[in-house]
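Listed below are the residues making up each chain.
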Amino acid sequence: MARKQATTSMIETLADFKENKNVDRTTLISVLEESFRSIISKMFGSDENYDIIINPDKGDLEIWRNRKVVADDQLTDSNLQISLTDAQKIDAAYKVGEEVTDAVDFAAFGRRAILNLRQALAAKIMELQKDSLYAKYKELEGQIVIGEVYQVWKKEVLMLDSEGNELILPKTEQIEKDFFRKNETRRAVVIKVDNSNGNSPRITVSRTANLFMQRLFELEVPEIHDGLITIKRIARIPGERAKIAVESYDDRIDPVGACVGMKGARIHGIVRELCGENIDVVNYTINPSLFIQRALSPAKISSIKLDEENKKAEVYLKPEEVSLAIGKGGMNIKLASMLTEYTIDVFRDVDIDSEDIYLEEFSDEIESWIIDALKNIGCYTAKNVLAMNRDEIIEKADLEEGTVDEIIAILQAEFEE
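Every value quoted in this text rests on a predicted model; they were computed, and no experiment measured them.

Trainee: Got a minute to help me understand the sheet that holds strand β10 (residues 229-237) in this structure?
Mentor: Hydrogen bonds between backbone atoms are what pair the strands of a sheet, whose relative direction is either parallel or antiparallel. The 3 strands are arranged β10-β11-β12 in an open sheet whose pairing can be described as mixed. Lying at the two open borders of the sheet, with one neighbouring strand each, are β10 and β12 (278-283). Between one strand axis and the next, the sheet turns by 20 degrees as a mean value, whatever way the strands run. One ladder, built from 8 bridges, connects β10 with strand β11 (residues 241-248); its direction is antiparallel. Bridge assignment links Ala-235 to a residue of β11, and that residue is Lys-243. Where helix α5 (residues 210-220) meets the sheet, its contacts fall on β10, β11 and β12, and the angle it forms with β10 comes to roughly 140 degrees. Docked against the sheet, helix α9 (residues 288-295) engages β10, β11 and β12, running at close to 155 degrees with respect to β12.

Rendered as structure tokens:
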């Protein structure tokens, strides 16, 4: 009775451990059997003739030993063999050559064996717990997790997930405006899972990584989650400002509008999560000149000189546009450079005609795709277009003759007025 109570207690203890540490019961039962076999093997030299039966539902454990019946004077190994006399004490019908199966009371193995078993089990279970947690969070690398603030230190914040696992948010991965209170929940993205230390894996999360912003957009914008819109590039100054370039694979979907949402409904939730970080969403394009122009928004540029080999761009703007291009503390031009991967230098275009007009002003008469085609060849204003040869515009912008003639007529009429 005492043996069964001890065994039952052991099974229940393991079940409780499983509930708390996320190691499944099947694995624990396997570990239990392996540990028993290890002890038996050490004590008797072999465990091959033992059957271990574990019933997790009833919390029952049985150990059965199989031995061959031999004549009394032929007994050489009491672990693998049993004398005829002893066998017939179990059942008088046993004969030499038959196999006897009898139950083994593990408690009779001695206190030291039981202590060794418990230590082996504890070590194995801790190893399983460590490996299980590592595997779980290794799969979650790059994904958003939610943690409850447990402890705030100078260099990092300790958070706990819903299962009590520790998440580390270093100071370098915190948004400058972040303020943490105990028991508050925060979202972050898993950036590293390190299993090299002797204890449990170190799970590092971040709120400043570009990937965190990307995952937030995937959560808030169904078109991104469904793959209809792709985030091509992200540039961030965490907590201050960010620029994100998006592209749609469906011409019917406006990627910028979808990301912003009706009255900013979609992007506002992301801005709140990022402590008021202002986010500019722009259309991505493989044309570097047009991409730089969009990245420098809200500034309107007059012309661009590109050095594609060295990834440098000289941008010329009207004097009143220069401050917009640079932005507060140089933030706008810095983010534009990060987004386009070009070194951008801004210059005042002192020769620009004050009466010149940006092509966007003609959007009610000239279709947007035509304006983009003209910008692709370096024409950002009406006089930029009129200064070029008609045939040159047709060739470089890949527009039909009639279309170019109509554009020229519209632009000339504006100045004739």
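Trainee: Is there a simple way to think about the side chain of Gln-174 in this case?
Mentor: Structurally, Gln-174 is set in the loop between β7 (166-170) and β8 (185-194). Engagement of the side chain of Gln-174 in a polar contact is seen with the backbone oxygen of Leu-169, the distance being 3.1 Å. Here Gln-174 is in contact with Glu-156, Val-157, Leu-169, Phe-180 and Thr-208, once residues within four sequence places are set aside.

Trainee: For this particular structure, what's the right way to read the environment of Lys-232?
Mentor: Mapped onto the fold, Lys-232 is located in strand β10. Through-space distance from the C-alpha of Lys-232 to that of Ile-82 is 75 Å; in sequence the pair is 150 residues apart. Lys-232 has contacts with Ala-245, Glu-247, Tyr-249 and Tyr-284, leaving out every residue within four places of it along the chain.

Trainee: Which parts of the structure should I look at to understand the environment of Thr-285?
Mentor: Its place among the elements puts Thr-285 in the loop between β12 and α9. Taking C-alpha positions, Thr-285 is 8.9 Å from Val-246, a pair spaced 39 residues apart along the chain. From its side chain, Thr-285 meets the backbone nitrogen of Asn-287 in a polar contact 3.1 Å long.

Trainee: Looking at this structure, how should I read the nonpolar core?
Mentor: Note that soluble globular proteins tend to have their nonpolar side chains buried in a common cluster. If you look at the biggest cluster of nonpolar residues, it comprises 25 residues, and the most contacted ones within it are Phe-217, Ile-244, Val-246, Leu-274, Ile-279 and Val-281. Elements with a contribution of two residues or more to this core: α5, β10, β11, α7 (255-260), α8 (265-273) and β12. Ranked by the residues each element gives to this core, the list is headed by α5, at 4 residues. With residues near it in sequence (within four places) discarded, Leu-274 still touches Ile-175, Arg-207, Phe-212, Met-213, Leu-216, Arg-236, Gly-239 and Ile-279.

Trainee: Is there a simple way to think about the pattern of salt bridges in this case?
Mentor: Between side chains of opposite charge, pairing is possible as soon as their charged atoms come close. On inspection of all chains with the given rule, the structure shows 28 salt bridges. Residue Arg-37 pairs with Asp-47 through a salt bridge whose shortest N-O separation is 3.1 Å. A residue pair is termed long-range when its members are at least 10 positions apart, and Arg-37 in helix α2 (residues 25-44) and Asp-47 in the loop between α2 and β1 (50-55) qualify at 10 residues. For Glu-392, the salt bridge identified is with Lys-396, shortest N-O distance 2.9 Å. Of this pair, Glu-392 and Lys-396 both sit in helix α14 (residues 390-397), 4 residues apart, which is roughly one turn of that helix. Several salt bridges share partner residues, and in doing so they unite Asp-178, Arg-181, Glu-184, Arg-186, Arg-187, Arg-207 and Glu-273 into one network.

Reading the values: rules and limits
Residues numbered from 1 in each chain as written. Predicted model: local features only at pLDDT ≥ 70, side-chain atom pairs only at ≥ 80, totals over all residues. Heavy atoms only, no water. Pairing = 2+ DSSP bridges. Helix = DSSP H or I, 4+ residues; strand = E, 2+ residues; numbered from the N terminus. Axes fitted to C-alpha atoms, helices over the stretch in contact; angles between N-to-C directions. Contact = heavy atoms within 4.5 Å. Polar contact = N/O pair within 3.5 Å; in protein donor to acceptor, adjacent residues only side chain to side chain. Core = buried A, V, L, I, M, F, W, Y, C linked by side-chain atoms within 4.5 Å. Buried < 20%, exposed > 50% of the residue type's maximum accessible area, 1.4 Å probe, protein only. Salt bridge = Lys/Arg side-chain N within 4 Å of Asp/Glu carboxyl O.

No statement about biological role is implied by the geometric values presented.
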